[in-house]
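# Report on the structure
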Amino acid sequence: MENKNKSCCSCGSACCGEVNTKVNKRKLVIDFLYLDLTSCDRCMKTDDTLDEALNEVKRVLEATGIEVVVNKINITNEDLAKKYKFVSSPTIRINGRDIQMDIKESPCKACGDLCGDDVDCRVWVYQGKEYDFPPKEMIIESILKAVYGGSETVKEEEYVMPENLKRFLME
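Residues numbered from 1 in each chain as written. Predicted model: local features only at pLDDT ≥ 70, side-chain atom pairs only at ≥ 80, totals over all residues. Heavy atoms only, no water.

## Overview of the sheet that holds strand 4 (residues 97–98)
Inclusion rule: We treat two strands as partners when DSSP finds at least two bridges between them. Counting from the N terminus, the helices are the DSSP runs of H or I reaching at least four residues and the strands are the DSSP runs of E reaching at least two. In what follows, a contact means two residues having at least one pair of non-hydrogen atoms within 4.5 Å. Fitted lines through C-alpha atoms give the axes, limited to the stretch in contact for helices. The angle between two N-to-C directions lies from 0 to 180 degrees.
With mixed pairing, 4 strands are arranged side by side in an open sheet as 2-1-3-4. The open sheet terminates on both sides in strands that have one partner only, identified here as strand 2 (66–74) and strand 4. As paired strands, strand 3 (residues 91–94) and strand 4 are joined by 2 bridges and run antiparallel to one another. Paired with Arg93 across the two strands is Asp98, which belongs to strand 4. Against the sheet, helix 1 (residues 41–63) makes contact with strand 1 (26–34), strand 2 and strand 3, and its axis sits at roughly 170 degrees relative to strand 1, the strand it touches most.

Here it is in structure tokens:
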């Protein structure tokens, strides 16, 4: 006789209840905020490096039940800059936390050419060296720290749009 009750043992569902096989996934939200992916070398390379980093950690995150949501957000006007509290391009945030807390910038010729004014873009500092885009290792380390390093609260600060961004967005 075939047992039509799907349960954990042969005596039916009354002795051990239903088995819950549904796993609650944890979510990792990555926001990539940028000004231009057509001309700015820093934004384009950051986009590529983020994709490479995600491909490398994808299996580990999937195996541990982490759902990754990536939002690529083109900041095209002051309203978007205010909404996302955007301070420097490009920016990567994981669960609302910038992976490079200190903002350092240098002149970006591509963005300056685009808007006809001097524009500074982000410089990334990792292990004591400066980069025009975040190294893949920096992104991977930040992802793993966000997942396995515990949760830090993001300190809310009043947003003031940098003059540099105002000049770029007024093009």
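## Here's the deal with the side chain of Arg42
Structurally, Arg42 can be placed in helix 1. Once you skip the residues sitting within four places of it in the chain, Arg42 turns out to touch Pro90, Ser106, Pro107, Cys108, Cys121, Arg122, Val123, Asp132 and Phe133.

## Concerning the sheet that holds strand 6 (residues 120–126)
With antiparallel pairing, the 3 strands of this open sheet are ordered in space as 5-6-7. Whereas interior strands pair on both sides, the edge strands pair on one side only; in this sheet they are strand 5 (104–107) and strand 7 (129–131). Across the sheet, the mean angle separating the axes of adjacent strands is 45 degrees when strand polarity is ignored. The pairing of strand 5 with strand 6 spans 4 bridges and is antiparallel. Pairing of Pro107 across the sheet is with Asp120, part of strand 6.

In short, geometric facts, not functional conclusions.
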